[in-house]
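Survey of secondary and tertiary structure
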Amino acid sequence: MMKKICTFGAVCALILTACGKTANAVQTVGSGNTDRSQQTSEKIQVEHVDSQVITVTSRETVRVVPDMAEIIYAVTTQNKDAAVCQSENGEKLNQLVETLKGLGIEETSIQTSNFDMNPRYDWERNGAIVGYEATTQVIVSDIELDQAGVVMTKSVESGMNEIRSVSFLSSHYDESYQEALKLAVAQAQEKAQALADASGCTLGRAVHITEYTANDNARYENQVMRSAAKEEAAADMAVMPGEIEVEASISVDYAIQ
C-alpha cells in the first residue's frame, strides 16, 4: 500500500503578550497534495490588542460633623373599645404636634404616617379579644442639632411614649461626597499604577469610570436654619452625634500598553 505524504506550507505564528501593541496576524495552512480539491486554508486575524485594560475598584470615606437631626416617634394607646382607643391616640398625637410647634418646629416638618389599629388577644382565654392598640408614627425633620435634646425631652413630657430612631444629617453632605470621590479616583490611580508596574506594562489614561450609587441618607437639603429653643440644657436628653461617614465607591478601567 502506498502512503500519502502531506507537506505543510509556511505557517505564520503570532505571539501576543499582555502589553503588546496593535497587531494583525494571518495564519494560512495549505495541503501539499497535487489534488487542488483537497487543499484547505484557514485565516485567523487578531486586532486591537492595545485595547486591553486594567480594572480597579476604589472606595474612600470622608467624615463630617452633622448639623441637623430627624426623629421618628410612635404614639401608642390601648383601650378595650376600638373607637376610644383611636380617639385617645388622636389626642396624644395632637399634644405632640402642639408641643413640637411650640418649640419652633414648622408644620411642614411634621409628618404622620403608618397608623395601625390592631386587636389585642388573650391567649390564655382561647384567643379572646380583650382590647385594641392604636399606633401612629410621626416623623419630625429639620431639627437643628443643638435643639434635638430639647425636642425629645418635651415630646416625652407631652405623652409620646416611643422614640423609634434619631438620624443625624449634614447640610454639607454634597461637598463631602465630592471630596470622597476625588480621593477614590486618586486611590484608583495608585492601585492601577502598582498593577501596571508589577506586570511590566505602561499605564495609560482612564478610559471608563463607574460611580456606584451613594448612600445619601445623611444628606440634608433644606438650608433654612432656625435658632434653638431657650431651654435648660440640664433637663434635656443628651445628644452625641459624633461624625457622619460619607462614602464614595468607583470602578475605573485604565488602558495599558
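Residues numbered from 1 in each chain as written. Predicted model: local features only at pLDDT ≥ 70, side-chain atom pairs only at ≥ 80, totals over all residues. Heavy atoms only, no water.

**A closer look at the packing of aromatic side chains**
Selection criterion: Pairing of aromatic side chains requires ring centres within 6.5 Å, counting the rings of Phe and Tyr and the six-membered ring of Trp. Pairs whose planes differ by under 30 degrees are stacked, by over 60 edge-to-face, and all others tilted. Per the convention used, a helix needs a DSSP run of H or I reaching at least four residues, while a strand needs a run of E reaching at least two, with both numbered from the N terminus. Exposure categories follow from relative accessible area, calculated using a 1.4 Å probe and restricted to protein chains: below 20% of the type maximum is buried, above 50% is exposed, and the middle band is partly exposed.
In total, this model carries two aromatic pairs according to the counting rule given. Ring geometry for tyrosine 173 and tyrosine 177: centres 6.2 Å apart, planes at 5°, overall stacked. Residue tyrosine 173 and its partner tyrosine 177 are both found in helix H3 (residues 173-199); the two are separated by four residues, about one turn of the helix. Judged by relative accessible area, which is 7%, tyrosine 177 ranks as buried.

**What about the sheet that holds strand E2 (residues 68-79)?**
Basically, it comes down to this: When DSSP finds at least two bridges between two strands, those strands are taken to pair. The axes used here are C-alpha line fits, helices contributing only the stretch in contact, and every angle between their N-to-C directions lies in the interval 0 to 180 degrees.
As summarised here, the arrangement of the four strands in space is E3-E4-E2-E5, forming an open sheet in which the pairing is antiparallel. Strand pairing shows two members of the sheet lacking a second neighbour, strand E3 (110-122) and strand E5 (163-169), which therefore form its edges. Geometrically, the sheet is characterised by an average inter-axis angle of 15° between neighbouring strands, direction not taken into account. Where E2 and strand E4 (residues 128-144) come together, eleven bridges link them in antiparallel fashion. What sits directly across from alanine 69, in E4, is isoleucine 143.

**Topic: the sheet that holds strand E6 (residues 203-211)**
Strand order in the open sheet formed by three strands is E1-E7-E6, with antiparallel pairing between adjacent strands. What marks the edges here is a single partner per strand, and that holds for strand E1 (53-64) and E6. On average, each strand axis in the sheet is tilted by 30° relative to the strand beside it, whichever way the strands run. Across six bridges, E6 lies against strand E7 (residues 244-256) in antiparallel orientation.

Keep in mind that these numbers describe shape and distance, not what the molecule does.
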